[in-house]
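Residue-level listing of the chains:
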Amino acid sequence: MASEREVSVAIIGAGISGLLACKYALSKGFHPIVFESRSRIGGVWTKTIETTRLQTPKPLYQFSDFPWPSTVPDSELFPHHHQVLDYVESYARHFDLVKHIKFHTRVCSIHYQNPSHQTDTTYGSWALWGALPSASSGQWKLVVQNTSTQQGLSNYNQEEEVYVVDFVILCIGRFSEVPNMPEFPPDKGPNVFQGQVIHSNDYTAMDHKTAAQFVKGKKVTVVGFQKYALDIANECCNANGVENPCTVLYRNARWTMPDYMPWGFSIAYLYLNRFSELLVHKPGEGFVLGLLSTMLSPLRWAFSKFVESHIKNKLPLEKHGMVPKHRFHQEINACLIATVPEKFYERVEEGSIILKKAPSFGFCKEGIVIDGEDTPMSTDLVILATGFRGDQKLKDLFVSPTFKDYIVGDPNSALPLYRECIHPRIPQLAVIGFSESVSNLYTSEMRCRWVSELLAGTFKLPSIKEMEEDVAKWDEFKKRYSGQYYRRSCIAALHVWYNDQLCKDMGLNPKRKKGFFAELFEPYGPTDYVSPKE
C-alpha cells in the first residue's frame, strides 16, 4: 500500500456491486463502510416484479468463489427473483459482510476536500491520477441521512450526519430511482389524459398483491419492449385475460430470446470465447489482430443469422410483424438482449396482449394518439417501461459543478470511465456496476478486484491523457458494433478482451484455460477467474 495511514473506504449501495466491493476491500486490509438506503441488501432484486426471473443463464451469473446452492438445481437455468435474492444474501453472510453495512442510510452528497486548498477545476491540468490516499491527499466528505421513520418524523426531518473517508466507490446502479421519462409537447403530455400514467419504477414499488389489484379490470398500455415491459404486460394478462387486453407500445422490434441454445448449440460458443472476439475489431488491437478481424468478419454475419433463424423458428415474429430490421449482433453489442417471458406470444395469439408499433406518440383525454393515426387509442392506465437515468443519478451525488460535468461527460459518447471503473479527472473515486455487460455480476466482480488491487498499490495507472485515449477507443468500438442502438456504457460481447486488460493490470495471466483449443473455443465464465493463475 502506498499510504502509511489506515485507508477508509466508503461504498455507496449494498447491491451486488456494493457487496463485491466490500468483500475485496476487506481482502486487502481496508476498512469499508457500506451505505444502503434500504432495509436489506440486494439492490434491484429487493423490489421487483412478481414474475421476474434471472435472464442471464445461471452459470454466467454467479460469484467466482461462491457457487449456487444445491437447492437451485442445475436444470433451473433462470432462477426466480427470490432465489437470486437468497443467493446474494447467502454470499453476504458467508463472507461476513453485513456488519459493515449501515442500513436505512442514504448518501445525499459527496464533496472532495483537498488539504492544499486546490479547487476542483485544477484537476484538469493533472498528469497523473491521485488514486492512492496518503497523508497529503484529499478526502471525501459524505453527507448522509437516515431513511427510516422514527417517532413519526418523515425522511426529510431526519438529521444529517457527516463522514470523511479516503476513497469512495459508487455502486448505486443504473436501473432504479431516477426514471427516464419521455418528453411530450405541453398539449400532448400526460396532463391532458384523464387516466393514470406511471413509470415501471412505481409499479415495482408496489407489493405483488397490490400491483395485481392495481391493474385488474383496466385497459393497460405498457410503453417499451425491454424486460420490464414484457414482464409487466404478462402480469397484466394474469389479472385481466382477453377481457381487457394489455397493449404493448414499442418503437422498434427486438431480438428477444426464447432461450440461449440456438438450434441446440450454446450461444456462449458464439459470443463468449476468444474465437468469437477474433471476429470484431477490438480497442487497442495490433495490426495482425486487426487484419484477422477483417478477414473473419463474414463469420460474424453468419453467427447473427444462425441465432436469428433460431429465434424466428421458435417465436412467431413474422406473423406479428416483429422481425427486427437490424442484426442480432447489434442487439447483443448494445446490451439490449432480453428473454421473452414464458407463453408471451401465446398470449399475443389469444389476444390478451396486443403489440402496437408507435415510433412516436402523445396523449389526449381518452388515451394515446399515435403519430400518423387519426383515431386515439383508448386506455385507462399507461405504464412507462422506459428505463432509468443512471447518469443523472451519478451526477446528483456530487456537490462540485465541475465533477458533475466530468462524471457524465459528452452525452454522445461513452461515460468517460477508464476500465469502466474510474474517471481520469476525479480523484480517489471508483464507479462499479454502471457499465453493462452480458453478465453484470461477473463483470462487477472483476472490476471490484481491479479497484482493490489499485488501492493496494499492485499497479499504477497510466497518465490521464493515456486513460482518456483508451476510453475513446472503447467508445469507438461500442459505436461501431451497436450502430443506431448505441448505449453509452456497455462492453457487451467483448468480455474476454476486457478481462484480459484487467488481468494484465493486476499482474495475472489473462489466459485461464488449459490447452490451445480450450483457450480459443471454450466459453469464459466467472469460475475461470476464481483464483490467480500465473
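Since the model is a prediction, treat every value here as computed from it, not as a measurement.

### Here we look at a nonpolar patch on the surface
Then step 1. Together, Trp263, Phe265, Tyr269 and Phe306 make up a nonpolar patch on the protein surface, roughly 400 Å² of accessible area in all.
Then step 2. Considering the arrangement of structural elements, one finds tryptophan 263 in the loop between strand S10 (246-250) and helix H6 (268-271).
Then step 3. Classification of tryptophan 263 as partly exposed rests on a relative accessible area of 46%.

### Describing the packing of helix H11 (residues 390-397) against helix H12 (residues 401-408)
Then step 1. Put simply, H11 and H12 touch, their axes get as near as 8 Å, and they point 155 degrees apart. If you check the angle between H11 and H12, you find them roughly antiparallel. The chirality of how H11 crosses H12 is right-handed. From H11, Asp391, Leu394, Lys395 and Asp396 reach across to H12, where they touch Lys404, Ile407 and Val408.
Then step 2. Of the residues assigned to the contact of H11 with H12, the class counts are three nonpolar, no polar and four charged.

### A short note on the nonpolar core
Then step 1. Counting 66 residues, the largest nonpolar core has Ile169 and Trp450 as the members making the most contacts within it.
Then step 2. Elements that contribute at least two residues to this core include exactly strand S1 (8-12), helix H1 (16-27), helix H2 (81-94), strand S7 (167-170), helix H13 (440-455), helix H14 (464-482) and helix H15 (495-506).
Then step 3. The biggest single contributor to this core is H13, with eight residues.
Then step 4. If sequence neighbours within four positions are ignored, tryptophan 450 has contacts with Tyr418, Arg419, Cys421, Ile422, Phe459, Leu461, Leu502, Asp505 and Met506.

### Looking at the pattern of salt bridges
Then step 1. Inspection of the entire model under this criterion finds 22 salt bridges.
Then step 2. For lysine 23, the salt bridge is made with aspartate 65, and the minimal N-O distance between the two is 2.6 Å. Of this pair, lysine 23 sits in helix H1 while aspartate 65 sits in the loop between strand S2 (31-35) and H2, and the two are 42 residues apart along the sequence.
Then step 3. Across the pair lysine 314 and aspartate 259 runs a salt bridge, and its minimum N-O distance is 3.6 Å. Remark: aspartate 259 occurs in the loop between S10 and H6 and lysine 314 occurs in helix H8 (residues 287-314); sequence separation between them is 55 residues.
Then step 4. When its relative accessible area of 18% is taken as the criterion, aspartate 259 is described as buried.
Then step 5. Members of the salt-bridge network, linked through shared partners, are Arg274, Asp500 and Glu519.

### Digging into the domain arrangement of the protein chain
Then step 1. Splitting the protein chain by domain gives domain 1 (9-176 + 389-493) and domain 2 (190-258 + 315-384).
Then step 2. Between domain 1 and domain 2, the C-alpha centre-to-centre distance is 31 Å.
Then step 3. Across the contact, 24 residues belong to domain 1 and 26 residues belong to domain 2.
Then step 4. Summing the contributions of domain 1 and of domain 2, the shared interface buries around 2,100 Å²; its carbon and sulfur component is 57%.
Then step 5. Interface area lost by domain 1 to domain 2 is led by Ile49, Gln55 and Tyr485, which between them contribute 33%.
Then step 6. Linking domain 1 with domain 2 are zero salt bridges, by the criterion used here.
Then step 7. In terms of residue count, the dominant contributor to the side of domain 1 that touches domain 2 is H14 (three residues).
Then step 8. Along the lines of polarity and charge, the residues of the side of domain 1 that touches domain 2 split into nine nonpolar, ten polar and five charged.

Thresholds, definitions, all that
Position numbers for residues start from 1 in each chain and track the written sequence from start to end. Selection of residues for local features in this predicted model requires a pLDDT of at least 70, selection of side-chain atom pairs for listing and counting requires 80 or more, and totals for whole chains, interfaces and linings are taken over all residues. Derived side-chain values reflect all non-hydrogen atoms in the structure, with water molecules and hydrogen atoms excluded from consideration. Every patch collects residues that have over 30% relative accessible area and no salt bridge, joining them within 9 Å if they carry like charges and within 5 Å if they are nonpolar side chains (Val, Leu, Ile, Met, Phe, Trp, Tyr). In short, Shrake-Rupley with a 1.4 Å probe defines the accessible areas, and a residue's cover is counted only from the protein chains shown. Any Lys or Arg side-chain nitrogen located within 4 Å of an Asp or Glu carboxyl oxygen qualifies as a salt bridge. For helices the rule is a DSSP run of H or I covering at least 4 residues; for strands it is a run of E covering at least 2, with both sets numbered from the N terminus onward. When accessible area is computed with a 1.4 Å probe and restricted to protein chains, residues below 20% of their type maximum are described as buried, those above 50% as exposed, and intermediate ones as partly exposed. Under this scheme, a helix contributes an axis fitted over its contacting stretch, all axes are lines through C-alpha atoms, and angles between N-to-C directions fall in the 0 to 180 degree range. An angle counts as roughly parallel when it lies under 35 degrees, as roughly antiparallel when it exceeds 145, as roughly perpendicular when it falls between 65 and 115, and as oblique in every other case. By definition, turning the near helix anticlockwise from the far helix through less than a right angle yields a left-handed crossing, and turning it clockwise yields a right-handed one. Note on contacts: a residue pair is in contact if any heavy atoms of the two residues lie within 4.5 Å. Residue type decides the class: Asp, Glu, Lys and Arg count as charged, Ala, Val, Leu, Ile, Met, Phe, Trp, Tyr, Cys and Pro as nonpolar, and the leftover types, Gly among them, as polar. By nonpolar core is meant a set of buried Ala, Val, Leu, Ile, Met, Phe, Trp, Tyr and Cys residues that side-chain atoms within 4.5 Å join together. Boundaries of every domain are those given by an automatic assignment or by a domain database. Computed with a 1.4 Å rolling probe, the buried area is the accessible surface lost when two parts are put together, summed over both parts.

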